[in-house]
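The residues making up each chain are set out below.
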Amino acid sequence: MRQLDFRTPLIGVDSVDHEARLLRLWTTSPGLKGFFTSVDHKQIGIRYIVTAFIFLALGGIEALVMRLQLAGPNLSLLTPAQYNQLFSTHGMTMIFLYAAPVLSGFSNYLWPLLLGSRDMAFPRLNALGYWIYLASGIFLYTGFLTGNGPNDGWFNYVPYASRDYNPGLNEDFYALGMVFLGISTTVGAANFIVTAFRTRAPGMSINRLPILVWGTLTASVANLIVVPAVSLAFFLLWMDRQFGTHFFDPAGGGQPLLWQHLFWIFGHPWVYAIVLPAMGMVSDGLPVFCRRPLVGYSLVALSTVATMILGFGVWVHHMFATGLPGLGLSFFSGASIVIVLPSAVAVFAWLATIRLGRPVITTAFLFFSSMILLFVIGGVSGFMTASVPVDWQLTDTYFVVAHLHYVLIGINVFPVVGATYFWFPKMTGRMLNERLGRWNFWTMFLGFNLAFLPMHLTGLLGMPRRVYTYNDYAGWHVLNLITSIGAFVLAIGVLLFFVNVLRSLRIGAVAGSNPWDAPTLEWAVSSPPPPYNFSVIPTLATRHPLWEDRLGGGGAVSSIDHGMLLDEGKETIGTSALDGVPDMVLEMPKDSFAPLLLTLGLVAVFVGLLLKAWFAVGIGGAVVALALLSWFWPRSELREREPARG
Amino acid sequence: MKYSPLDYLGSAAGVRAQAILPLTWFTLLISIAVCVIIAVLLWVAVRRARPQDNSLEMRSIPLQRGDNGIRWISIGLMISAVPLAATLVWTMVTLAAIAGPPAHPGLTLDITARQWWWEVQYNSAHPSDDFATANEIHIPIGVPVLVRLHGGDVIHSFWVPKLSGKTDVIPGQTNLSWMQAERPGRYLGQCSEYCGYQHAHMQFEVVAESQADFDKWQILQRQPAPPPVTPEQTRGLALVEYRCGLCHRVAGTQAGAISAPDLTHVMSRRTLAAGTLPNNPGNLVGWIQNPQNIKPGNLMPNQFLSARQLSDALAYLESLK
C-alpha cells in the first residue's frame, strides 16, 4: 500500500476530457446548497467584495448625515447622543467592515490566480472567514439599528467605555462584535500566510511574487501578531463591564492607559494592513498601463516589509499627549519620521514607472496614478504629526481627520476602485464602461479633495475633532460648508461607480481573457476563470509570464499550457516556501456545510454572551463542537501524497 | 468675522506655543513643497500619455523594459532624508526645551477635568487662602505656571493653543503641564479628548494679566460670599443653599458641595457652563431653568423654579461678584 503515497503527477496539455474531469471535481453545486457550502475562493472573494461595498455605502451615508449637521455652526439636526453613535459607527464600519474586508476579498479572489494555484491553502477556513465577517458585521449593526451602536469612537477609550459612564448595551455590542470579527481576521491571515508559502505554481520563487501578494502577506503576518492584542482588550473591557474586574478601572488599581497601549499596538499596524495590499494593487496595476515592468521591484517588495516592521514601533504617536516621559516619546517620534522612507521608495518607484514607460490613460490608470498624489498628501500630514511638539497642537483637531481620510480614502478606496476597473473584466467577463469611468473618477477625485484638503486648515485653525457642533469662529463655518459640499460630490462619484458596476454586469463589452494585455498569470485564464482556475498547473520562469516573449533579454520561457494535469482528485500542487519547487500534491476539501454551521454556533455563543443567556451559549458551543467534528472527520481522499522525487 | 481663538498657526502668546510655532510652519512648508514637487513630477510623467482611443487595444502599444529606474529611488531617498533629518533634530531640541515642567514654578494649579467643565484649585502656603473656581484660570504673565491635571471621571485633554499644546487628563494618574504667558490677554482653552455628550461644550479661558492685577483678583477670590442685603437676596440665599447646595459650593454659606462649579464668585466669570454662554443675568436665568435644552446631556437637571423663586435666586447670585 505504501507506494500509493508516492505519485508523480502526469504532465500534459489541456484536452476536452481533462477539462470535463476537472469541472466535475471543482464545480460548486448549483442553487442554495452551493451558496451555503461553496469553498471556491472566487465566490468567497466576490462575496467579501460585495459585502464590503455595502458597508462602504452604509458608512458613507452615516458620514453624509454628519456632514449635514456640521454644514453650519450650532445646527441641531442631530442630538449629541445620535452624533456620537454616528461618528463611532462610521469609524467602525469604514475601518473594520469595509477597508480590511474589501482587500481580503480582492486577495481571496486573486491570489490563487496570481500564484498559479487552484485554490487557497485552506478553502474551508476561507469560507469560515467570510461567514464570520458577515455574521459579526450584522451583529455590530444590530446594535446600531437598535440604538445600541458604539458611542465612544472606534478607538473606544476607557473609562468612558466602562459601565459607570456607559451603562447601555452599546459597548457590549461593540466589544463582543470586535472579538467575534477578530476570529475572521485571524483565520484569514493564517490562510493567506500558508497560501503564499505553500501553494504557488512551480517556478514562482519568492522574488517573482506580485507586489499585491507581498502586501497582503505582510499585512497578514501583522494581523496574526496584533489582532490578539485588540481582541484581548475588548474581552477585558467586557469583563470589566459585566463581571466587575478592574483591568481598566483606576478605582480598582486598573489603568486607562493600558487600553490605549493594547488598542494602538494593534491599531497602528492595522492601518498599514489596510493600505499595504492596496499599494500592492497599484504596484501591480500601474505598470500594465505604463507598458513596462515596475521600477525597483525588489526595493518595493522590501519596503513593504520594512514599513510593517517599523510600523510595530510607532503606536505611541497616537498617545503623545498622554503624559508619557519625553525620552520614550522621542523614540516613537523618531520611528514615525523614519517610516516615511520606505513609503518614499514606493512613491518614487511608481513615479519612475510612469515617467520611463508609455502611459495609456484608462480609468484604472487615473485611479492608480492619482493615488500617488493622495498618498503623498496623507503621508506628509502624517509626518507632521510625527513631530511630538507639533503633534501636541495638531492631535485631536480636524487636521488629523483630514490626514486619516487621505490615508484611508486616498490609499485604500482609490486603489480599490481602480482595482475594480482593472480586475472586473477578469471577475465577470465584462468591461466597466470607460466613459462613465471618467465621470466616476473626476467626481470622486474633485469631491474628495474639495472635502478634505480644506479640512487641514480647519484643523490648523483649531477646530477639535468629535464635536457634534461648533461656534462660528473665523473660517470654521465656510471651511465646514465646503467640506460638506465636497462630501456630497464624493458620494455622487461613489454612486456613479456602483451604477457603472451594475450596468456593466449586464451590458458591458465582453472582455476576453486579457483585455489590458497584462503580464501576470490571472490573465492567462478565461474571464471569468473556470472553477479550477488552471487546467494544467503552469510553470514560471520569469516575473511576467505573459510579457516575456516581448520584453526580450534572457531566454527563460514560462510554460502556461503544458504542465501537471492533476485531475485524479480535487488537487493542486504544493511547493517549497522560497524557490517554489513542487514537493507535494495537495488534496483539497470538497464543499462543506461545516464553516456556516460553525459560524451559526458562534452567533448563538456571542448573542448569548451579550444577553447573558447562558443556555444559548451552551447550545452554540455544542453546535460549534458538532461543526468542528464534521470539519475534522478523517476522509481518505484528503490524505496527502508526495510526488516521487529525483 | 472674528479670528479663531483656537488657531495655533497664526500667533502664539506663551513660551511653549512660541517654541512650537516655527517648527509647525517648518514642517508645514516642507509638506507643501513635497506635495507640489510630487504633483509636478506626476503631471510631467502623465502628460506624455498617448491620447486614448476607445478601442483599448493595449496590445498594439509596444512593451519596453527600458531603464531600470533605480536612480529615481536612490536620488529620491537621498533628497527626502535631508528634511527628515532636520525635522528630527529640531523636534528633539524643541521637545527637550518644553517637555519638562519648570523646576521653579511661580504658581501651581490643580485642575480637575469633569464631564463637562474644569475645576481649578489655587493652593497657597496658608490653607485658609486656598480657593477654587471653574472654567476661568487667571495667571500672572511672565511666570511659569505648573498645572497638575487630575481626572475626575473620564479622559479629557487640557489645551490652550495660544499658550501650550495638549496634555491629557487621565483618571488614576496626575499629568503635569505648564504654561507661561508672555502677553496679557484672554486665551481660549478647549477639551480635546472625546469625553461624551458635551465634549463640544467644554471650554475654559486663561486670563493672563500683570502680577498686580493677578494679586488683586486673587485677594477678591479668597473672600467668602458677601451676606445677603435685600429680602430677595435673603430668600435667594435660602433657595441656593437648599437647592443648588446639593452640588455647588458658595463659600461662607451652607452650600458646600463640590461636584459642580464653585459659585462663590460666579458673577466675576465671563462665561457660563464651560464657555457655552456669555455670563449675564438673562442667560443665567435660562441656564438655571433649562440647562438640558442649552447643553443636552449635561449633569445639571432642569430646575422648574417659580417666577418668584427664580428672581430671588437671581438677586442673590448676582451679588456673587
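Residues numbered from 1 in each chain as written. Chains lettered and ligands numbered in written order. Predicted model: local features only at pLDDT ≥ 70, side-chain atom pairs only at ≥ 80, totals over all residues. Heavy atoms only, no water.

Asks: Lay out the overall build of chain B with the relevant residues and their values.
Replies: Across its full length, chain B carries seven helices and twelve strands. Out of the 321 residues belonging to chain B, those deemed buried represent 52%. Long-range contacts, defined as pairs at least 24 residues apart, comprise 63% of the intrachain contacts of chain B with a sequence gap of at least 6. Counting only carbon and sulfur atoms, one obtains 62% of the accessible surface of chain B, whose full area is about 14000 Å². Taking the average location of the 24 positive side-chain charges in chain B and that of its 22 negative ones, the two points are 8 Å from each other. (Helix = DSSP H or I, 4+ residues; strand = E, 2+ residues; numbered from the N terminus. Buried < 20%, exposed > 50% of the residue type's maximum accessible area, 1.4 Å probe, protein only. Contact = heavy atoms within 4.5 Å. Areas by Shrake-Rupley, 256 points an atom, 1.4 Å probe, with all protein chains shown as cover. Lys, Arg positive; Asp, Glu negative; His and termini not counted. Charge placed at Lys NZ, Arg CZ, Asp CG, Glu CD.)

Asks: Could you give an account of the sheet that holds strand 10 (residues 203–209) of chain B, with specific residues and numbers?
Replies: All names here are of chain B. The strand order across the open sheet built from three strands is 4-10-9, with neighbouring strands paired in mixed fashion. Single-partner strands in this sheet number two, and they are strand 4 (136–140) and strand 9 (185–190). When strand polarity is set aside, the average angle formed by the axes of neighbouring strands in this sheet is 25°. Where strand 4 lies against strand 10, five bridges are found, and the strand directions are parallel. Bridging from a neighbouring strand, Glu136 pairs with Glu205 of strand 10. Lying over the sheet, helix 3 (residues 211–222) contacts strand 4 and strand 10, oriented at roughly 135° with respect to strand 4. (Pairing = 2+ DSSP bridges. Axes fitted to C-alpha atoms, helices over the stretch in contact; angles between N-to-C directions.)

Asks: Before we move on, could you go through the nonpolar core and cite the residues and values that matter?
Replies: Residue and element names in this part refer to chain B. Counting 252 residues, the largest nonpolar core has Ile137, Ile139 and Phe158 as the members making the most contacts within it. Phe158 has contacts with Ile111, Trp118, Ile137, Val147, Leu149, Gly165, Lys166, Thr167, Val169, Ser177, Met179 and Phe204, leaving out every residue within four places of it along the chain. Core analysis: the second largest hydrophobic core is formed by 23 residues, Val250, Leu263, Leu310 and Leu314 among them. (Core = buried A, V, L, I, M, F, W, Y, C linked by side-chain atoms within 4.5 Å.)

Asks: So what about the pattern of salt bridges? Which residues, and what values?
Replies: If the charged atoms of two oppositely charged side chains come close together, the side chains can form a pair. Tallied over the full model, the rule gives 20 salt bridges over all chains. We note a salt bridge from A:Asp40 to A:Lys42, for which the minimum N-O separation is 3.2 Å. Since its relative accessible area comes to 10%, A:Asp40 is described here as buried. By relative accessible area, which is 6% here, A:Lys42 ends up buried. The residue B:Lys162 makes a salt bridge to B:Asp7 at a minimum N-O spacing of 3.1 Å. Taken together, the residues B:Lys162 in the loop between strand 6 (156–160) and strand 7 (164–169) and B:Asp7 in the segment before helix 1 (15–47) connect sequence positions 155 residues apart. The buried category is assigned to B:Lys162, whose relative accessible area is 4%. Several salt bridges share partner residues, and in doing so they unite A:Arg291, A:Asp517, A:Arg550 and B:Arg59 into one network. (Salt bridge = Lys/Arg side-chain N within 4 Å of Asp/Glu carboxyl O.)

Asks: Mind laying out the packing of helix 13 (residues 363–386) of chain A against helix 16 (residues 434–460) of chain A, listing which residues take part and the relevant values?
Replies: Residue and element names in this part refer to chain A. Packing of helix 13 against helix 16 brings their axes to within 10 Å, and their N-to-C directions diverge by 10°. Overall, the two elements helix 13 and helix 16 adopt an arrangement that is roughly parallel. Contacts between helix 13 and helix 16 involve Thr363, Leu366, Phe367, Ser370, Leu374, Ile377 and Ser381 on the former and, on the latter, Glu434, Gly437, Arg438, Asn440, Phe441, Trp442, Met444, Phe445, Phe448, Asn449, Leu453 and His456. Residues of the contact of helix 13 with helix 16, tallied by class, amount to ten nonpolar, seven polar and two charged. (Parallel < 35°, antiparallel > 145°, perpendicular 65-115°, else oblique. Nonpolar A, V, L, I, M, F, W, Y, C, P; charged D, E, K, R; others polar.)

Asks: For the interface of chain B and chain A, give the residues involved together with the corresponding values.
Replies: Taken together, the 89 residues of chain B in the interface contact 98 residues of chain A. Buried area between chain B and chain A, summed over both chains or domains, comes out near 8300 Å², and the portion from carbon and sulfur atoms is 69%. Taken as a group, B:Met58, B:Leu63 and B:Tyr194 account for 10% of the area that chain B buries against chain A, more than any other trio of residues on that side. Its salt-bridge partner being B:Glu193, residue A:Arg466 comes within 3.5 Å of it at the nearest N-O pair. The interface formed by chain B and chain A includes 33 residue pairs in polar contact (both at pLDDT 80 or more). Contributions of two or more residues to the side of chain B that touches chain A are made by helix 1, helix 2 (70–98), strand 7 and strand 9 of chain B. Considering each element in turn, the side of chain B that touches chain A owes the most residues, 18 residues, to helix 1 of chain B. Taken together, the residues that form the side of chain B that touches chain A break down as 48 nonpolar, 29 polar and twelve charged. (Buried area = accessible area lost by both parts, 1.4 Å probe. Polar contact = N/O pair within 3.5 Å; in protein donor to acceptor, adjacent residues only side chain to side chain.)

Asks: How would you sum up the side chain of A:Asn480? Please name residues and give values.
Replies: Residue and element names in this part refer to chain A. Relative to the helices and strands, Asn480 is located in helix 17 (residues 476–507). By relative accessible area, which is 2% here, Asn480 ends up buried. A polar atom in the side chain of Asn480 sits 2.8 Å from the backbone oxygen of Trp476. Non-local contacts of Asn480, meaning those with residues more than four positions away in its chain, are made with Arg67, Leu70, Ala71, Thr458, Met463 and Tyr470.

Asks: Account for the packing of aromatic side chains, naming residues and giving values.
Replies: All names here are of chain A. Following the criterion strictly, the structure yields 70 aromatic pairs over all chains and no others. Relative to Phe180, the ring of Phe139 lies with its centre 6.4 Å away and its plane at 90°, an arrangement referred to as edge-to-face. Of the two residues, Phe139 is situated in helix 5 (residues 123–145) and Phe180 in helix 6 (residues 170–198); the sequence distance between them amounts to 41 residues. Take Phe139 and Phe180: they sit in the same class, and that class is buried. Taken together, a centroid distance of 5.5 Å and an interplanar angle of 85° make the contact between Phe248 and Trp259 edge-to-face. Within this pair, whereas Phe248 is found in the loop between helix 7 (211–243) and helix 8 (256–273), its partner Trp259 is found in helix 8, the two being separated by eleven residues in sequence. As far as the burial class goes, Phe248 and Trp259 line up, both buried. (Phe/Tyr/Trp six-rings, centres within 6.5 Å; stacked < 30°, edge-to-face > 60°.)

Asks: Before we move on, can you summarise the sheet that holds strand 1 (residues 107–114) of chain B with the specific residues and values?
Replies: Residues and elements named next belong to chain B. Taken in spatial order, the five strands make up an open sheet running 3-2-1-5-8, and their pairing is mixed. Two strands in the sheet have a free side with no partner beyond their single neighbour: strand 3 (131–134) and strand 8 (175–179). For this sheet, the mean angle separating the axes of adjacent strands, direction not counted, is 25°. When strand 5 (residues 145–151) meets strand 8, the two strands line up antiparallel, connected through five bridges. Note on strand 8: the bridge partner recorded for Leu149 is Asn175.

Asks: Any details on the pairing of strand 6 of chain B? Residues and values, ideally.
Replies: On any regular strand, side chains alternate: one points to one face of the sheet, the next to the other face. Residues and elements named next belong to chain B. Counting buried positions along strand 6 yields five of five residues, so the element is predominantly enclosed. Burial along strand 6 is two-sided: His156, Phe158 and Val160 and Ser157 and Trp159, pointing in opposite directions, are all buried. With four bridges joining them, strand 6 and strand 7 adopt antiparallel strand pairing. Looking at strand 7, one finds that Phe158 is bridged to Thr167. Adjacent in sequence and paired antiparallel, strand 6 and strand 7 are bridged by three residues.

Asks: Lay out the side chain of B:Ser319 in plain terms, naming residues and giving numbers.
Replies: All names here are of chain B. When you line up the elements, Ser319 lands in the segment after helix 7 (307–317). Here Ser319 falls in the buried class, since its relative accessible area comes to 19%. A polar atom in the side chain of Ser319 sits 2.6 Å from the backbone oxygen of Tyr316. In contact with Ser319, other than residues within four places in its own chain, are Pro226 and Gln233.

Asks: An account of the confidence of the model for chain B is needed here, citing residue identities and associated values.
Replies: Residues with a pLDDT of 70 or more make up 97% of chain B, whose mean pLDDT is 94. For this predicted complex, the interface confidence score (ipTM) comes to 0.96, while the overall pTM stands at 0.96. (pLDDT = per-residue confidence, 0-100.)

Asks: Which residues make up the environment of A:Phe606, and what values do they have?
Replies: Residues and elements named next belong to chain A. Here Phe606 lies in helix 19 (residues 594–611). Placed ten residues apart in sequence, Phe606 and Ala616 show a C-alpha to C-alpha distance of 8.7 Å. With sequence-adjacent residues up to four places away left out, Phe606 is seen in contact with Phe139, Leu176, Val179, Phe180 and Ile183.

Asks: A description of the pairing of strand 4 of chain B should follow, citing residues and the corresponding values.
Replies: Counting buried positions over the five residues of strand 4 of chain B gives five, a clear majority of the element. Going residue by residue along strand 4 of chain B, you find B:Glu136, B:His138 and B:Pro140 tucked away on one face and B:Ile137 and B:Ile139 tucked away on the opposite face as well.

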